[in-house]
Amino acid sequence: MLDRTVKRQVLPEVIAGDPNLTCHLIDSNTRKWRYTSGVVAFHVDDDPYDNQQAAVMQDFEKAAFAGLEGDQANILWVRHQHMGNVELHFLIPRVELYGNRSFNPAPPGSEPYFNALRDYWNAREDWVSP
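Quick caveat, the model's predicted, so the values are computed rather than measured. (Residues numbered from 1 in each chain as written. Predicted model: local features only at pLDDT ≥ 70, side-chain atom pairs only at ≥ 80, totals over all residues. Heavy atoms only, no water.)

## Things to note about helix H1 (residues 19-27)
Since one α-helical turn is 3.6 residues long, residues separated by three or four positions face the same way. All of the buried residues along H1 are Thr22, Leu25 and Ile26. Summarising the axial view, the buried residues of H1 lie within an arc of 100 degrees, below the 170-degree limit, and thus occupy one face. Residues Asn20 and Asp27 are exposed on H1 and point more than 90 degrees away from its buried face. Each element contacted by the buried residues of H1 is listed here: strand S2 (35-41), strand S3 (76-80) and strand S4 (87-93). You can read the cap of H1 off the contacts: a side-chain oxygen lies 2.9 Å from the backbone nitrogen of Asn20, and it is on Asp18. (Buried < 20%, exposed > 50% of the residue type's maximum accessible area, 1.4 Å probe, protein only. Helix = DSSP H or I, 4+ residues; strand = E, 2+ residues; numbered from the N terminus. Arc of directions from axis to C-beta. Contact = heavy atoms within 4.5 Å. Polar contact = N/O pair within 3.5 Å; in protein donor to acceptor, adjacent residues only side chain to side chain.)

## So, the pattern of salt bridges
Pairing between side chains of opposite charge can happen when their charged atoms approach one another. Taken as a whole and assessed by the stated rule, the structure comprises five salt bridges. Across the salt bridge formed by Arg118 and Asp119, the nearest N and O atoms sit 3.0 Å from each other. (Salt bridge = Lys/Arg side-chain N within 4 Å of Asp/Glu carboxyl O.)

## Regarding the side chain of Asn29
Here Asn29 shows up in the loop between H1 and S2. Note on Asn29: relative accessible area 6%, which makes it buried. Polar side-chain contacts of Asn29 include one of 2.9 Å to the backbone nitrogen of Arg31. Beyond its immediate sequence surroundings of up to four residues, Asn29 is in contact with Arg34, Arg94 and Val95.

## As for the side chain of His80
Looking at the secondary structure, you find His80 in strand S3. Overall, His80 belongs to the buried group, its relative accessible area being 15%.

Shown next as structure tokens:
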């Protein structure tokens, strides 16, 4: 099975951001840590509506970009649904755009903050908790 290409039934979909700009920002960053990536994954039973996904993404961005203006950082969001659940993958160039300074959207010690965001949304929408 490993030597076969499997075509996804549901193709990935860019839902926010500019892939070309994000790639350019990452490629032009000469620092050791050029980007941060991750996923906000939902349980197969959750099936969040588009407006719920957008609200989760907005809250995530508020957390990741706390203290920055909206155009001071870049993020690309891609939705995957090929495994039966919704996954919102993000890609963040690790550069602050006003001054080209190094930027870490998830510095050491920030995990509890993102966990609280996850727990809030799970409780609010009665989604499955990991």
